[in-house]
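Here is what each chain is made of, one letter per residue.
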Amino acid sequence: QVQLVESGGGLVQAGDSLRLSCAASGRTFSTYTMGWFRQAPGKERELVGTISSSGGSTYYADSVKDRFTISRDNAKNTVVLQMVSLKPEDTAVYYCAARPFWRGPYYSSENFDSWGQGTQVTVSS
């Protein structure tokens with residue numbers, strides 16, 4: 001497992017942009033598929049998107065496609081979620097997660113076994 005720490009959440013207005021970062025510990029970061037999840041009050045946690053271990057492939061939920069972008073820097077052990085055109089319905093706690101690449105295809109939401117503590121994103125209308 002890896003230890004994950006998110007940062008960058010906050011309160012923004014609809015239409016604004018926000019950048020979340022996730023810093024990972026360990027020397028094997030490049031062997032992990034990374035994912036971003038979110039959980040809104042009273043709702044189940046949902047997958048926002050994933051990025052393959054190499055960074056060459058990404059997957060996004062329909063609700064964020066064309067607005068959110070995931071990238072990673074394996075040399076710096078970081079993964080970033082860039083969010084633009086934010087909407088009030090994007091309000092949630094956002095979590096970074098990691099899964100060894102051999103435990104499933106990059107687009108799967110299953111088998112993530114390392115999680116960050118979460119960072120709050122609030123979008124006002």
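Each remark here, short or long, concerns the structure printed above.
What you are looking at is a predicted structure, and each value in this text was computed from that prediction instead of being measured.

Our focus in this paragraph is the environment of Ser17. By the element assignment, Ser17 lies in the loop between strand S2 (10–13) and strand S3 (18–24). Look at Ser17 and you get partly exposed, because its relative accessible area is 43%. Taking the C-alpha atoms as reference points, Ser17 and Val123, separated by 106 residues in sequence, lie 9.9 Å from one another.

Tallying each qualifying case throughout the model produces five aromatic pairs. Arranged with centres 5.3 Å apart and planes meeting at 80°, the rings of Tyr106 and Tyr107 form a pair that is edge-to-face. Put simply, the rings of Phe37, Phe112 and Trp115 pair up and form one aromatic cluster. The ring of Phe37 has Arg45 sitting right over it, with the charged end atom 5.8 Å from the ring centre. Sitting over the face of the ring of Phe112, Arg99 holds its NZ or CZ atom 4.4 Å from the ring centroid.

Attention now moves to the sheet that holds strand S1 (residues 4–7). Taken together, the four strands give an open sheet; going across it, the order is S1-S3-S8-S7, and neighbouring strands pair in antiparallel fashion. Looking at strand neighbours, the two that pair on one side only are S1 and strand S7 (68–73), the edges of this open sheet. Put simply, the sheet's adjacent strands are angled 15° from each other on average, direction ignored. Pairing between S7 and strand S8 (residues 78–83): six bridges, direction antiparallel. When the bridges of S8 are listed, Asp73 appears paired with Thr78.

The next thing to look at is the pattern of salt bridges. All chains considered together, the criterion is met by five salt bridges. Glu46 is paired through a salt bridge with Arg38; the nearest N and O atoms lie 2.6 Å apart. Judged by relative accessible area, Glu46 falls into the partly exposed class, the value being 35%. Arg67 is paired through a salt bridge with Asp90; the nearest N and O atoms lie 2.8 Å apart. Separated by 23 residues along the polypeptide, Arg67 in the loop between strand S6 (58–60) and S7 and Asp90 in the loop between S8 and strand S9 (92–100) bring together distant segments of the chain. Classification of Arg67 as buried rests on a relative accessible area of 11%.

The rules behind these values
Residues numbered from 1 in each chain as written. Predicted model: local features only at pLDDT ≥ 70, side-chain atom pairs only at ≥ 80, totals over all residues. Heavy atoms only, no water. Helix = DSSP H or I, 4+ residues; strand = E, 2+ residues; numbered from the N terminus. Buried < 20%, exposed > 50% of the residue type's maximum accessible area, 1.4 Å probe, protein only. Phe/Tyr/Trp six-rings, centres within 6.5 Å; stacked < 30°, edge-to-face > 60°. Lys NZ or Arg CZ within 6 Å of the ring centre and 35° of its normal. Pairing = 2+ DSSP bridges. Axes fitted to C-alpha atoms, helices over the stretch in contact; angles between N-to-C directions. Salt bridge = Lys/Arg side-chain N within 4 Å of Asp/Glu carboxyl O.

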